[in-house]
Amino acid sequence: MSDPFVIVGGDAAGMSAASKAKREQPDLDVVVFEKGDWVSYAACGMPYYVKGDVDTLEDLVTVSPERFREERDIDLRTGHEVVAIDPAAETVTVAGPDGRFEQPYDDLLVGTGASAIEPPFDGLGLDGVFTIHDMDEADEIEAYVSEHEPDSAAIVGGGYVGIEMAEALATRGADVHLYEMLPHVLQPFGEAVAEVVEDHLDAQGVDLHLETAVSGFTGDGKIERVEFEGEAAPADIAIVGVGVSPNVDLAEDAGIELGPTGAIATDEYGRTNDENVYAAGDCAEARHVVTGESDHVPLALTANRAGRAIGQTVTGTPTPVGDIAGTAIVKAFDLGAARTGIVDEGRAREAGFDPVSVSIDASSRAHYYPGGDELTVTLLADRESGRLLGGSVVGREGAKRIDTVAMALHSELTVTELQNADLAYAPPFSPVWDPVLTAAKVLAGKLD
Ligand SMILES: Cc1cc2nc3c(=O)[nH]c(=O)nc-3n(C[C@H](O)[C@H](O)[C@H](O)COP(=O)(O)OP(=O)(O)OC[C@H]3O[C@@H](n4cnc5c(N)ncnc54)[C@H](O)[C@@H]3O)c2cc1C
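Here we summarise the structure given alongside this text.

What counts, and where the lines are drawn
- Residues numbered from 1 in each chain as written.
- Predicted model: local features only at pLDDT ≥ 70, side-chain atom pairs only at ≥ 80, totals over all residues.
- Heavy atoms only, no water.
- Buried < 20%, exposed > 50% of the residue type's maximum accessible area, 1.4 Å probe, protein only.
- Helix = DSSP H or I, 4+ residues; strand = E, 2+ residues; numbered from the N terminus.
- Pairing = 2+ DSSP bridges.
- 1 Å grid on protein atoms, 1.4 Å probe; cavity = no way out; pocket = protein on both sides within 12 Å on 5 of 7 lines; lining within 4 Å.
- Points joined across faces, edges and corners; volume = space filled by probe spheres on them.
- Nonpolar A, V, L, I, M, F, W, Y, C, P; charged D, E, K, R; others polar.
- Disulfide = S-S within 2.5 Å.
- Contact = heavy atoms within 4.5 Å.
- Polar contact = N/O pair within 3.5 Å; in protein donor to acceptor, adjacent residues only side chain to side chain.
- Arc of directions from axis to C-beta.
- Near = heavy atom within 4 Å.
- Areas by Shrake-Rupley, 256 points an atom, 1.4 Å probe, with all protein chains shown as cover.

A look at the pairing of strand S14 (residues 225-228)
In step 1: Side chains of S14 alternate between two faces, with Val226 and Phe228 buried and Arg225 and Glu227 left unburied.
In step 2: Bridge count between strand S13 (residues 214-218) and S14: four bridges; the pairing is antiparallel. Residue Thr218 lies in a different strand from S14, and its bridge partner there is Arg225.
In step 3: Both S14 and strand S15 (residues 231-234) contribute to a ladder of four bridges, which runs antiparallel. Among the inter-strand pairings, Phe228 is bridged to a residue of S15, identified as Glu231.
In step 4: Remark: two residues form the turn of the hairpin made by S14 and S15, two consecutive strands paired antiparallel; Glu229 in that turn has positive phi of roughly 45 degrees.

Shown next, in the form of structure tokens:
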């Protein structure tokens, strides 16, 4: 009798793989070990739970543990941590409520995700200082805000999580200060986006402290002040959102190779250097569609898609996990900000391109149709080949147009080919020339 398909981690990557494998081969034994209690949860929705847009944490769960067990026949074991992998013996060691045991596998998927980085700050252990990466943390933050009704909030880090939490805590009545050590917020989105977002945050009453490094927090048991650059300011709550690092220790200790980014190295099928061990999601690398190099961009679709593909591969239909373009979108109060591919000229040069870029402002709807607003579209291309390398979109309406740019990257289109795409038009939705087409037209002119 063969051994089961074993999965470590019960969220996006892990449960997608489990569900797909079971659907493809119903008689396959699939065992999932999840060290926590939550499975198949949308971490992406947590800021909106704290804000009050989502009523309960349970609303963020896509499929309940009971449904996985009863309807999908998946052997899902919450409260079980995998503490070691032995690739030679094809077993994992599991620590569960009844002690340790060995679980054999035929195929293994490491879907251990990432963890919030905890910088070496003073006062990280004070009450009211949080990171937000799992559901329990979201629960604690919401409970703390409800109990203490903070007047002032310090957000450390101007990435997408920091910006979403700034909106959440401002909506809950706090005076929000956002600290970012770099010259701009949303660094991966490029300057054109960052400047629009910064103006908007300012207009919304968020106090931005750019090029300001926080060193820690002080208070008597509970946070009272945030410390930065030799100064201090009052803070009743702090959210530290300075990025994530992939959870790779389990794999690395077993001799699974890491890639140049520090995440688990995988091939196009999500396979590691061990034939029967796969890795997917926030703990793993993926191939960047523009550079062709390994990259680590921990986002939800990447995890779901790779998990699903691996579920198919282990059941006999080899399926590539797909390339990534780093396509991302974030809501900052009334703005949408989005990016895909390479938006930074320095990075484009490092990848061997000769970048040319344009930024244009255009209306999101026909100029005479009510309700439209200005949209800034930036596109970057390679001078010699005309190939599109990346882009960004920011505005109150229509930032999801980034998907057009992302599709162009996946199809390796030139700027001229993008310019000639047949996109939808009617006055309530777009000008005749969609802003993405206008940007492509201007960039094509510059390339000529
Ligand atoms: C606040 C926030 C907002 C986000 N917003 C967005 C967004 O808007 N758009 C977007 O694309 N992405 C967003 N993300 C990122 C997205 O949530 C992740 O990319 C996605 O959850 C990754 O899924 P995963 O399965 O790889 O890892 P995870 O979701 O981290 O799941 C890994 C699981 O493995 C378990 N585990 C780890 N080690 C072990 C072990 N040894 N044994 C057993 N179990 C283990 C963990 O408990 C965890 O449940 C957001 C993330 C956060 C934190």
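Let's pick the thread back up.
Some points on empty space enclosed by the protein
In step 1: Counting across every chain of the model gives one cavity of 30 Å³ or more.
In step 2: Reported here for the largest cavity is a volume of approximately 110 Å³.
In step 3: Surrounding the largest cavity, 17 residues form its lining, Gly281, Glu285, Ala286, Thr302 and Ala306 being those nearest its centre.
In step 4: For the lining of the largest cavity, the per-class residue count stands at eight nonpolar, six polar and three charged.

What to know about the state of the cysteines
In step 1: Counted by the stated rule, this structure contains zero disulfides.
In step 2: Not engaged in a disulfide, the cysteine Cys44 finds its nearest cysteine sulfur in Cys283; these two sulfurs lie 16 Å apart.

Quick look at the environment of His200
In step 1: Residue placement: His200 occurs in helix H6 (residues 191-203).
In step 2: C-alpha of His200 to C-alpha of Leu335: the two residues are 135 residues apart in sequence and 7.6 Å apart in space.
In step 3: Not counting residues within four places of it along the chain, the set of residues in contact with His200 comprises Ala332, Phe333, Asp334, Leu335 and Arg396.
In step 4: Of note is the side chain of His200, whose polar atom sits 3.0 Å from the backbone nitrogen of Asp334.

Remarks on helix H10 (residues 402-410)
In step 1: Three or more residues of H10 are buried, namely Ile402, Val405, Ala406, Ala408 and Leu409. All buried residues of H10 project into a common sector of 160 degrees when viewed along the axis, lining one side.
In step 2: Those residues of H10 hidden inside the fold are in contact with strand S22 (335-341), strand S24 (374-382), strand S25 (388-395), helix H11 (415-419) and helix H12 (435-447).
In step 3: A positive phi of about 55 degrees marks Glu412, the residue just after H10.

Let's talk about the site of the ligand
In step 1: Inspection of the region around the ligand gives 31 residues, with Asp11, Glu34, Tyr41, Asp282 and Ala300 positioned closest.
In step 2: At 2.8 Å from an oxygen atom of the ligand is found a side-chain nitrogen or oxygen belonging to Asp282.
In step 3: About the coverage of the ligand: the protein hides 89% of its 1,000 Å² of free accessible area.
In step 4: Broken down by secondary-structure element, the contributors of at least two residues to the shell around the ligand are helix H1 (12-24), strand S2 (30-34), helix H2 (46-51), strand S4 (81-86), helix H5 (160-171) and helix H8 (300-313).

Keep in mind these numbers describe shape, not what the thing actually does.
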